Every structure is written in C-alpha cells, then in structure tokens.
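Residue-level listing of the chains:
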Amino acid sequence: MAKLYAELIRIRFLTMLAYRVNYYSGIIIYGINIGAYYFLWGAIYGDQQSLGGMTAEQMTVYVAIAWMSRAFYFNNIDQEIAQEVREGKVAIELIRPYNYLSVKLAQALGEGMFRMLFFAVPGMILAGLILPIHFPPTLGHWGVYLLSLIMAFIINTQINLLTGILTFFLFRNEGMMRAKRVVVDLLSGLILPISFFPVWAQTLMGFLPFQVINYYPSKIFSGAIAMSDVAGVLWLQFAWIAILYLPITLLWRRARRNLVVQGG
Amino acid sequence: MIKVSQLQKVFRIHQARSGLAGAFRDLFNRQYKTVKAVDGVSFQVEEGEFFALIGENGAGKSTTIKMMTGILTPTDGEITINGFVPYKQREDYVKSIGVVFGQRSQLWWDLSPTESFRLLQRVYKVEGEDGKRWLDRLVEELDIGGFIHQPVRKLSLGQRMRCEIAASLIHKPKLLFLDEPTVGLDVLVKQKIREFLRNLNESERTTILLTTHDVSDIEALCKRVIVMDQGKLIFDGMLSDLKEKWGNGTEIAFQFKQRIPVAELRGLLGEYPCELFAENEYAVRVKLQRSREMLPLVLSSVMASYEVSDVKVMESSTEDIVRNIYSVDSEVAVNG
Amino acid sequence: MRQIIRLFSDYLSQYFKTRLAYRADFVGDFLSNLVSELINLVFIVVVFQHVSLLKDWSRDEIIFIYGYFLIPFALFSMFFGFWDFNERYIIRGEMDRILTRPVHNLAQVCLESMAPDRIFGVITGLLIMGYAAIRLHLSFAWYDIPLFILLVISSTLVYAGVYTGIAAISFFSDSRTGISPMIYNIQNYGRYPVDVYNKAIRITLTWILPFAFVGTYPAAYFLRKEMWYTYTMLTPVIGVVFFAIGLSVWNWGVKKYQGAGS
C-alpha cells in the first residue's frame, strides 16, 4: 500500500514537471504576489520603524517566507474532487482498492514537493541574496520548521478535502471553494500577519485552525518563536489535525452512502 | 463539390525524455519530432455522394476531417468545398456544413435539446418558418420528440446521439461530416440513424462523409470508400471495387446431381481465371478473382451444362477486407 | 456585431435556466465573490489602524479607489469569465466545436462562459465608492455620470484586452498553462494607488500591463487629484488600444492553433 502512495506522489511530481508553461507561469504568479506585497508594505511602513510589533525589514522577510511556505502547503485538491464528482469519475475511483481521500492527499503531497523543490527552494535562495533573511541557525531549527510545515500542509489539505467532499452534497460549489481560498489566505496570516489584527479578532482567530497553516510556521522560521515554545505550536497543529479528522471521516461516510443511493 | 488535392499536414510532436532527469531537462529544452499525419492526399466528391473514410487509428482520418471542416490549416495542398477554402473563409464556409463529433457534444449539458436547438437556430440565423418546419421534420424523422424537453445529461447515449445529429443539421447544410457517429450504440439505434441518414442523402441530396470503425455502417450506407493508412490515401473507389481489390474473391459452391470430375469442369471453364477445389465427387468450389464480370458467366455456363442441386455464393465481407488491408499493410510497413 | 448582441440575450436566458437548476451554487457564487471583495477591504481597514496615510492617500481615498476598481473588474469577469479556457477549450478540445460555428470564436467563448451574477460585484463596488465618497465629502457634477460610465467601460476594455491576450497563450501550448490564476493575481496591482510601487512597476502598470487604468487613474479624477488628470483622460485610449492588441493576439493564436492542431 505504501508503495502505491509513493508511486502516486511520484507520478504527480512528474506530471507537474511535464507542464512547463504551467511551471513558468507559477513562478511569475509567485513573483507577482510577493512583489505586490513587498512594495505595498514598503509604502505602508513609509518612515515608521515598527508596526504591529514588526520592523519593516522583518515584514519583508515575513512576506517572503510566508509565500514560500504557501508554495508547499497550497493545492487545489478540492477542485479536483469537485470535477471528478461532477464528471462521474468518482464512482470509478470508489471501486478501486484504495482509499480515495488518501490518494488525493498523496497527489497533493506530490504537488507540494514539486513546488517546494522548484519554486520555494530556488526562491528562498534568491530572496536570501537580496533580503536580509535570517535562516534557521541549526539543523534542529530547520527540522522543527519543516515538521511544522508538513503539519501545515496536512491541515490545509484536510480543509480542502472537507470542501471537496461537500461537492457530493451540493453538486456545484466552486463559489464556496474560491471563497475558502481567499479566507484561508487572510486568516492564515499570509497577506497580513496575525499580530496586525485587533485584539478581539486575534482572540477569535485563536479558535480557528487557519493561523497554524502559515503564521506560526513562518514565525518559527524567522526565529520569532523561541525553541522552548515551539513544542506548544507543534502540539497545537497536531491537535488540529486530530480535530479535523473527525468531520472528514463522518462526511466521507455519508458522501459514499449518498453516491450509492443516487447510483453514481 | 469537394476537391482535395495534394493535402499535407505535418505535426511537431514533443518527445518526452524518460525518467525524472529527463523530465527535468524537458522543462528547459524540448526535443521534437515531425510527423506527416496527412501526406499528399487527393480526392474529389460530387454532390449527393455518401462516402466513408476509413483507416486505423492514427491513419490521418481525423486530421483530414479537421482540415476539411476548417479547424486546422493544411501545411500544404489545397481544399475547396462548396466553393470555399475552409481554413481561409471559415466563418462563411461553416454555414454550409454540419459536423458531428461522436466523442464531443455540441449540446448544452444542463439544458434540454430544444434549448440548444433554439440557440443554434440563432447562431445559424435560421429562425424563420422554414427553419422551424425543417426542425420539426428532423425531430419527427429522428424520432426524438419524446425526450427533447429533458436535460441532455439525463438522456441515454442513443438519444443524445440522435439529438446531436439533429443539432448538426439545424441549418440544412449541404455537407455533413460524421466522425464515429455510432460508437457504443445498440443495434436498434444504429438502424434508426442509418435509415435517417440514407433518407436525408436521397431526399435532400446532402453529401455525407462518414468516418467509422464499424464496417456494418459502411456496408449499410456508403457506395464509395476512401481508405487511409499512415497519412496516405491507399484506396479510393466503390465499395464493390474495394472488395474486388482486397477481398478474398467470391466463392461459388456447386452441389451436383451426378458425379463431376474436377478436370471436366476445368475444361468447361477453361478460359476463365478461376480456381477449382473438389470438396467430394458431387461438390466443387469455384473461387473467382474478378467476381463481378465472372460470376454470371461461370454460373450460367455451369448451370447450362450440368444438373445442379444447390448453389451457394459466398462474398467476402467488408470486415474481412478491412482486416486484409490492415494486415497486408502492416507487413509492408515491417518490410519497408 | 448585431448578431452577437442578439445571441447575447439568448445566452443570457440559457444562463438563467441553467442557474435556476442549481440554486445552491448561485448563492455560493454570490457569497464567495462578496467574501473576496470584502477581504481586501479588511486588509485596508486593518492596515489603516496602524498608519494614517499610505504615501499621500488617506484610508477613505484608498477605499474609494478599491470601490471603483471592483466595478470594471466585475464587468470584465461577467463577460470574459473564461477562467477555464485552457482546460475546457484547449485540453478537452471544445475549441474544435467553436471553430465549426459561423460566429466569431472569441464572441462564442465569451458568450458560453458569461457570468451575469457578477452584476453584484458592480453593486458592491458602487456601495463601497458611495461610502468612501460620503466620508470624503466628495461632490459630483451631472457630467461626472457619463464620464464615469465612459471610464468604467474603458477600464473594462483594458482588463478584457490584457486577459484575452494572455488567455491566447493557451493556443501555443498543448498542455496546462496556469494562465488564468496569473491574471487573477495580477489584478492585485490594480487595487492600490500606483505610486505605492517603484518606478519600474509604475511604468509597467501604466504602459505594459496597464492596470493602473483600472483603478488609480480613473478614480483619481473623482477624488479631484489633478496631478493624475492626464492619465484619467488617457483611459479610453488605453482601453481601446489594449483591447485591439488583445484581440489581435487572440486571432493570431487561433491561426496558430489551426496550424498546429493535434
């Protein structure tokens, strides 16, 4: 079984490589976004030294790291599921001897690894040459960051699986999936560090899984979270993985029953 | 009506390197191979003809059809259809043709066929009384009236295909292209579609071009057949000539009332080019090469000379012929 | 052209018939667009809790520009909503069907992927502009209204031209291009005043991918920022020119597609 998933990851990785225009436009998209926010923050800071507890320099680094992290955890698995449901392909998937959701997770991982290797790593090296980025000092720091990034990937993919499974019940929900994407970008701290929000909003966001997707991993990278507090963040991420597992399982069970009733 | 001369289409195909390292190299530097999908094809078609274009997968059929429908521009050569050059005057030209791609729907998935028909009437500007009457006739002849108010996604394949054909004819085109129209349909639906097409061809003198894998389609409908292989036209003529050329010939099995030695029969049929096989003392099989002229001669001379209790004429089927073409050809390809 | 306009009403009625079949999605789309529109507003509001000016622009001026920007963007996505062009028309080959019909192919693609529900984006934009205008005590003359309509149409043309041109890249590639997300992301730049960016980007946003003409430049007129008036007046010219360029690239792409094929 493990071999199957390894193969799925590899195939998705190769598929990503095969679409070269897609690759180039992906680089441009990330360049566009990072550039937009880089200049925007430059203008927002103006002459001010520090905003929301971050200096202008820290903010630039934050923007770079946050987008690079996103390159790994981001995927469109929910839209793929939706398409397979609409085209009726999902019925065929369900009679195959594997777990459909795990297959999707594996494909997402293949995609994430591709972007990590071909976008994020070169991107970070480039950013490191231009910006004063403080890379994690020890192997241990790197390890902790990568671990939290992997968990961020799992949480984000879980959310995608959730919205994807909803297609079984709503038939068409592109709108919701698009809305989810921008909401995740905002609430995960990608376009605005969580510390910028008013206190009441920060409290509210503490109850949601989004900030562990980007804000915390990025802060671990930049060393803004002390090694002694890192364990807490990792545990929080782990807790969210466990919590999200529940609705996915329940919905998935109902979705399959629904499909049987409707006859595909 | 259709004039195709020295038609050529060359593709550049990306050659993927194998393995991860290969895929990585492909990202920055691609290798291409040129392929002649259609290579010097010429033929002419008169108005009102019903003809088939056959060939194996990759023989160049679809590419030829795509060039004839104006979707693709030829690399070289000329096409004139209905007085238009398809790829140059595409928007005017396509008003005079109808196209059914068996694998691809032209109906709106979520809406009923009636809605699609109405929209297509607008697209082709045939909204008047004439257009309406013509559509009514199509609906009646294709027998689709019972379900054209249901969403397309709820129709069966056979129902949908009949609606596709109606949709492609909405503007009463002079020329109809059918690309694999009967794939996956059951016998009854095939029958209905064939009957409709035959009728359309006869009453409206609509020229119809059919590509198909289904040999029975051709036997039921087409007089003329064009065979393509590896981009080249390897046969163009009547179905009967095709049988003549590629068939196993015609066999006549005689059952005589008395014993007939084969040598005696050979003497009788002396000047005719045929082979004789003795089944037993009373039965002889005669294998003819050029069956059309030979068949009546052989039959009449044998019947006139001997008392015959039974005669069977066995023609080789188109299916055999197609198989023959392909097998002979692949041998050529291997040797060449 | 007359035929296209008549077809438009037909497609519109088809659209509503389809839409009535999937009411849930209608609501979902509406909410998702609203959420996307409001999230940028959240960004502006949160940022202005920490600063009082962005370059020389006040919070309400930025909100006004954002409100203006939403209107051409909504109109553009109403008529040029073929975000899945690459997937649907090239990879799945529906372009072949388009090419066998006697109406201009771009018009057909536009009509088939029309999204009239984006009209709500126009309303959101007007509301946001209205809110900002009241807070800024802006006053308008009667001729501001036709001018506003002219500018909005021109801005929409800028978007339409750039998007059509970029979508046409699909014709040159036989596989997935990821072009649509690109345009979706570029529009980010239209939302904020161009002088936020450095000179190179400012020139790009004015002359190469002229998204400044979708937000800052036309909106500056209503904010009475006289230093930008020349650019405001250039908006219709840029709109027409870029739409013409986009259309030519598209036509060129179609030719190329017909030449390459598969």
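In what follows, the structure referred to is the one given above.
What comes next concerns the included structure. (Residues numbered from 1 in each chain as written. Chains lettered and ligands numbered in written order. Predicted model: local features only at pLDDT ≥ 70, side-chain atom pairs only at ≥ 80, totals over all residues. Heavy atoms only, no water.)

Secondary structure summary: chain A contains 12 helices and two strands in total. Relative to a compact globule of 264 residues, whose C-alpha radius of gyration would be 18 Å, chain A shows 19 Å and is just as compact. When the backbone C-alpha atoms are referred to their principal axes, chain A occupies close to 65 × 45 × 35 Å. Within chain A, the proportion of its 264 residues that are buried is 52%. Taking the intrachain contacts of chain A between residues at least 6 apart in sequence as the baseline, contacts between residues at least 24 apart amount to 78%. In the structure as shown, chain A presents an accessible area of about 11900 Å², 68% of it carried by carbon and sulfur atoms. (Helix = DSSP H or I, 4+ residues; strand = E, 2+ residues; numbered from the N terminus. Rg over C-alpha atoms; globule rule 2.2 N^0.38 Å. Buried < 20%, exposed > 50% of the residue type's maximum accessible area, 1.4 Å probe, protein only. Contact = heavy atoms within 4.5 Å. Areas by Shrake-Rupley, 256 points an atom, 1.4 Å probe, with all protein chains shown as cover.)

Residue and element names in this part refer to chain B. Put simply, helix α4 (residues 113-123) and helix α6 (residues 157-168) touch, their axes get as near as 10 Å, and they point 15 degrees apart. Classified by the angle between their axes, α4 and α6 sit roughly parallel to one another. Note on packing geometry: the crossing formed by α4 with α6 is right-handed. Every residue of α6 that contacts α4 at Pro113, Phe117 and Leu120 is listed here: Cys163, Ala166 and Ala167. When grouped by side-chain class, the residues that make up the contact of α4 with α6 number six nonpolar, no polar and no charged. (Axes fitted to C-alpha atoms, helices over the stretch in contact; angles between N-to-C directions. Parallel < 35°, antiparallel > 145°, perpendicular 65-115°, else oblique. Left-handed = near helix turned anticlockwise from the far one by under 90°. Nonpolar A, V, L, I, M, F, W, Y, C, P; charged D, E, K, R; others polar.)

A grouping of Leu117, Val121, Ile125, Leu126, Leu129 and Ile130 of chain A is seen on the molecular surface, where their side chains present a nonpolar patch of about 650 Å² in accessible area. Summarising the element assignment, Leu129 of chain A is placed in helix α6 (residues 100-130). (Patch = residues over 30% accessible without salt bridge, like charges linked within 9 Å, V, L, I, M, F, W, Y side chains within 5 Å. Salt bridge = Lys/Arg side-chain N within 4 Å of Asp/Glu carboxyl O.)

Residues and elements named next belong to chain B. Pairing is mixed across the open sheet formed by six strands, whose spatial order is β5-β6-β7-β3-β8-β9. Strand pairing shows two members of the sheet lacking a second neighbour, β5 (97-101) and β9 (232-238), which therefore form its edges. Each strand of the sheet is rotated relative to its neighbour by a mean of 15 degrees, with strand direction disregarded. Two elements, strand β3 (residues 50-54) and strand β7 (residues 207-211), share four bridges in a ladder whose sense is parallel. When the sheet's bridge partners are listed, Phe50 is paired in β7 with Ile208. Together, β5 and β6 (175-179) form the strand contacts of α6, whose direction differs from that of β5 by roughly 160 degrees. Sheet strands in contact with helix α9 (residues 239-246) are β8 (224-229) and β9, and its direction is about 120 degrees off that of β9. (Pairing = 2+ DSSP bridges.)

The interface of chain A with chain C comprises 38 residues on the first partner and 38 residues on the second. Seen at the junction of chain A and chain C, the total is zero salt bridges. Seen at the junction of chain A and chain C, the total is two residue pairs in polar contact (both at pLDDT 80 or more). Looking at the side of chain A that touches chain C, the elements with two or more residues in it are α2 (20-45) and α9 (174-187) of chain A. Element by element, the count of residues in the side of chain A that touches chain C is highest for α2 of chain A, at 16 residues. A breakdown of the residues in the side of chain A that touches chain C according to their chemical character gives 24 nonpolar, 10 polar and four charged. (Polar contact = N/O pair within 3.5 Å; in protein donor to acceptor, adjacent residues only side chain to side chain.)

Let us now look at the interface of chain B and chain C. The partner chain C presents 28 residues to the 30 residues of chain B that form the contact. The tally of links from chain B across to chain C stands at three salt bridges. Here Lys66 of chain B and Asp96 of chain C are joined by a salt bridge, their closest N and O atoms 3.2 Å apart. Contributing elements (two or more residues each) for the side of chain B that touches chain C: β1 (2-15), α3 (90-93), β5 and α4 of chain B. No other element matches the six residues that α4 of chain B contributes to the side of chain B that touches chain C. Per-class residue counts for the side of chain B that touches chain C are 12 nonpolar, five polar and 13 charged.

This paragraph deals with the packing of aromatic side chains. Enumeration according to the criterion identifies 68 aromatic pairs over all chains in this entry. A cation sits over an aromatic face here: Arg70 of chain A above Phe74 of chain A, 4.3 Å from the ring centre. Across the ring face of Tyr32 of chain B, the terminal group of Arg12 of chain B is positioned such that the distance to the ring centre comes to 3.8 Å. (Phe/Tyr/Trp six-rings, centres within 6.5 Å; stacked < 30°, edge-to-face > 60°. Lys NZ or Arg CZ within 6 Å of the ring centre and 35° of its normal.)

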